[in-house]
Amino acid sequence: YAEDRARADAVRQVTGETVAAEDVQRCTEQGDETQCARNSALWSSMQGYIRRTGDKSVRVRPAAAGHRECVVDFAADVAAAEGRPDPAFDVGVSLTQPVLRHGECLVIGLSPSQPMYVQVFQWLPYQGGDQAVVRLFPNAYDSNSRIDGATTIPTAAGTRRYDVRVAFPEGQPPGRRMVDEYLMVVATRTPVPLRDSYSLDDFRRLIAELPRAGSRVVRKGYNIVRGAP
């Protein structure tokens, strides 16, 4: 954990940090009573990555209230993403509904500011390893990633061949009724061949390597409600 924080701090010192928040409110009504649950997501992103490290040291030192803390120091070669973002190159992302039940279909709306190539990934926080970030689009049934105007995923042609259904992750405590998942929409001016799945760290590194003037990454959260037992 200390090394992960040190790596993030090294990139932050060079590139800065962008923070964005997103709130989702889910309400249910029974008779005259309404109950609402608010869920908040805080996004933090840095436009850079560490190419190599050296001269690492690890030490444990006393901290407040009798605790100890681990401190990691190292020299880092940090690469910042190329260029500056182009505000005219953007894509709006919307969902038919931000809260879905286990087994319901997810439909994604895309509104590009200009023609672009789009890839849609799903970040599954409860799935570790190299399957934490998986690609939803393009796929074997919906292969054209270029969009010229407002469209949906699945596309009009793709809806005849497949749908995207959410699933409440296995292994969650019985008392947990709702979980978060996230979409990562990667838009580029030219085609970029990406894999079908990544670990979260590998995906973050990949995003940081994209030229900023020719790309845009939009994150969108949604909730999945556990189905009936």
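Note: the structure precedes this text.
This report concerns the structure included in the present document. (Residues numbered from 1 in each chain as written. Predicted model: local features only at pLDDT ≥ 70, side-chain atom pairs only at ≥ 80, totals over all residues. Heavy atoms only, no water.)

**Quick look at the side chain of Gln119**
- Looking at the secondary structure, you find Gln119 in strand S8 (residues 116-123).
- Assessed through its relative accessible area of 7%, Gln119 is described here as buried.
- In terms of polar contacts, Gln119 uses its side chain to reach the backbone carbonyl oxygen of Val192, at 2.7 Å.
- Those residues within four positions of Gln119 in sequence are excluded, and the remaining contacts are Arg135, Phe137, Pro138, Met184, Val185, Val186, Val192 and Leu194. (Helix = DSSP H or I, 4+ residues; strand = E, 2+ residues; numbered from the N terminus. Buried < 20%, exposed > 50% of the residue type's maximum accessible area, 1.4 Å probe, protein only. Polar contact = N/O pair within 3.5 Å; in protein donor to acceptor, adjacent residues only side chain to side chain. Contact = heavy atoms within 4.5 Å.)

**A short note on the sheet that holds strand S7 (residues 108-112)**
- Taken in spatial order, the 3 strands make up an open sheet running S5-S7-S11, and their pairing is antiparallel. A strand with exactly one partner marks an edge of an open sheet, and here the two such strands are strand S5 (91-95) and strand S11 (151-153). Recorded for the sheet is a direction-independent mean angle of 25° between the axes of neighbouring strands.
- Pairing of S5 with S7 involves 5 bridges; the strand directions are antiparallel. Across the sheet, the residue bridging to Leu95 is Ile108, located in S7. (Pairing = 2+ DSSP bridges. Axes fitted to C-alpha atoms, helices over the stretch in contact; angles between N-to-C directions.)

**Observations regarding the pairing of strand S12 (residues 178-188)**
- Taking burial as the measure, the 11 residues of S12 include 10 buried ones, the bulk of the element.
- As paired elements, S8 and S12 share 7 bridges and run antiparallel to each other. Across the sheet, residue Val118 finds its bridge partner in S12, namely Ala187.
- As paired elements, S12 and strand S14 (residues 215-225) share 11 bridges and run antiparallel to each other. Considered in S14, the bridge of Ala187 is made with Arg216.

**Things to note about the pattern of salt bridges**
- Under the defined criterion, the tally for this structure stands at 11 salt bridges.
- The salt bridge involving Lys56 is made with Glu3; its shortest N-O contact spans 3.3 Å. Placement of the pair is Lys56 in strand S3 (residues 48-62) and Glu3 in helix H1 (residues 2-15), with a sequence separation of 53 residues. (Salt bridge = Lys/Arg side-chain N within 4 Å of Asp/Glu carboxyl O.)

**Points about the nonpolar core**
- If you look at the biggest cluster of nonpolar residues, it comprises 26 residues, and the most contacted ones within it are Leu106, Ile108, Leu110 and Val120.
- Elements represented by at least two residues in this core include exactly S5, S7, S8, strand S9 (133-137), S12 and S14.
- Apart from residues no more than four positions distant in its own chain, Ile108 is found in contact with Val93, Ser94, Leu95, Val120, Leu136, Thr151, Thr152, Ile153 and Leu183.
- Within the second largest apolar cluster, 13 residues are counted, among which are Phe121, Val133, Tyr182 and Leu206. (Core = buried A, V, L, I, M, F, W, Y, C linked by side-chain atoms within 4.5 Å.)

**Side note on H1**
- With 14 residues, H1 ought to run about 20 Å at 1.5 Å a step, and its terminal C-alpha atoms sit 20 Å apart, in line with that.
- For H1, the set of buried residues is Ala6, Ala10 and Val11. Each buried residue of H1 lies within a common arc of 130° when the element is viewed along its axis, so the set occupies one face. Away from the buried face of H1 by more than 90 degrees, exposed residues Asp4 and Arg5 are located. (Expected span 1.5 Å × (residues − 1). Arc of directions from axis to C-beta.)

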